[in-house]
Amino acid sequence: MIRKVVSLVVFLPLGVLLIVLAVANRGVVSLALNPFNPADQALSVSAPFFVFLILAVILGVLLGSVVTWFTQGKHRKKARSQSREAQQWQAEADRQKTRAEQIAGSTLPQLGAK
């Protein structure tokens, strides 16, 4: 619940800000992809400025996600390893419990017979 509220408090203003910037920056601009000859029309893209703003935000989110995923790889690997180890210990505990029950079950009738 708190995560939803924090997410709403953070992303709602960012969304509103992006929409306001998009409405305010509707003018067509040219993005030159040739640093040596910016007037070269073959390597330039013309679009409203808000398109470039939105694409920059999308690219930033995707890049941030990829970098985060790669940097957290060691933690995911450790979690998988610990999960396998926990499953092995759980199986061992179950085996020991079954064995203890068998031992207890085999000695109880002998106690009652005395």
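Owing to the predicted nature of the structure, the values given are computational and were not obtained by experimental measurement.

Caption draft 1: Spotlight on the overall build of the chain. Of regular secondary structure, the chain possesses three helices and two strands. Each helix and strand of the chain, placed in order from N terminus to C terminus, yields the pattern α-β-β-α-α. Relative to its length of 114 residues, the chain is extended, with a C-alpha radius of gyration of 31 Å against a globular reference of 13 Å. Once the C-alpha set of the chain is aligned to its principal axes, its extents read approximately 105 × 35 × 15 Å.

Caption draft 2: The arrangement of the side chain of asparagine 34 in detail. On the secondary structure map, asparagine 34 appears in the loop between β1 (28-32) and β2 (44-48). Within the local environment of asparagine 34, its side chain forms a polar contact with the backbone nitrogen of phenylalanine 36, the two atoms lying 3.1 Å apart. Discounting chain neighbours no more than four positions away, the residues touching asparagine 34 are Asp40 and Leu43.

Caption draft 3: Fine view of a nonpolar patch on the surface. Where nonpolar side chains cluster on the molecular surface, the patch consists of Met1, Ile2, Val5, Val6, Val9, Val10, Phe11, Leu14, Leu17 and Leu21 and spans about 1000 Å² of accessible area. On the secondary structure map, leucine 17 appears in helix α1 (residues 2-24). For leucine 17, a relative accessible area of 48% puts it in the partly exposed group.

Caption draft 4: Just the environment of valine 67, in detail. Locating valine 67 in the fold gives a position in helix α2 (residues 49-71). For valine 67 and alanine 47, which are 20 residues apart along the polypeptide, the C-alpha to C-alpha distance reads 29 Å.

Caption draft 5: The arrangement of the side chain of serine 44 in detail. Here serine 44 is to be found in strand β2. Assessed through its relative accessible area of 16%, serine 44 is described here as buried. In terms of polar contacts, serine 44 uses its side chain to reach the backbone carbonyl oxygen of glutamine 41, at 3.3 Å.

Caption draft 6: Inspection of the pattern of salt bridges at higher detail. A complete count under the given rule lists one salt bridge for this structure. Here arginine 95 makes a salt bridge to glutamate 92, at a shortest N to O gap of 2.5 Å. Separated by three residues within a single helix, arginine 95 and glutamate 92 lie in helix α3 (residues 73-113), roughly one turn from each other. Overall, glutamate 92 belongs to the partly exposed group, its relative accessible area being 25%.

Caption draft 7: Looking closely at the environment of leucine 62. Within the secondary structure layout, leucine 62 lies in helix α2. For leucine 62, a relative accessible area of 52% translates into the label exposed. When the C-alpha positions of leucine 62 and phenylalanine 52 are compared, they lie 15 Å apart, and in sequence the two are ten residues distant.

Criteria and cut-off values
- Residues numbered from 1 in each chain as written.
- Predicted model: local features only at pLDDT ≥ 70, side-chain atom pairs only at ≥ 80, totals over all residues.
- Heavy atoms only, no water.
- Helix = DSSP H or I, 4+ residues; strand = E, 2+ residues; numbered from the N terminus.
- Rg over C-alpha atoms; globule rule 2.2 N^0.38 Å.
- Polar contact = N/O pair within 3.5 Å; in protein donor to acceptor, adjacent residues only side chain to side chain.
- Contact = heavy atoms within 4.5 Å.
- Patch = residues over 30% accessible without salt bridge, like charges linked within 9 Å, V, L, I, M, F, W, Y side chains within 5 Å.
- Areas by Shrake-Rupley, 256 points an atom, 1.4 Å probe, with all protein chains shown as cover.
- Salt bridge = Lys/Arg side-chain N within 4 Å of Asp/Glu carboxyl O.
- Buried < 20%, exposed > 50% of the residue type's maximum accessible area, 1.4 Å probe, protein only.

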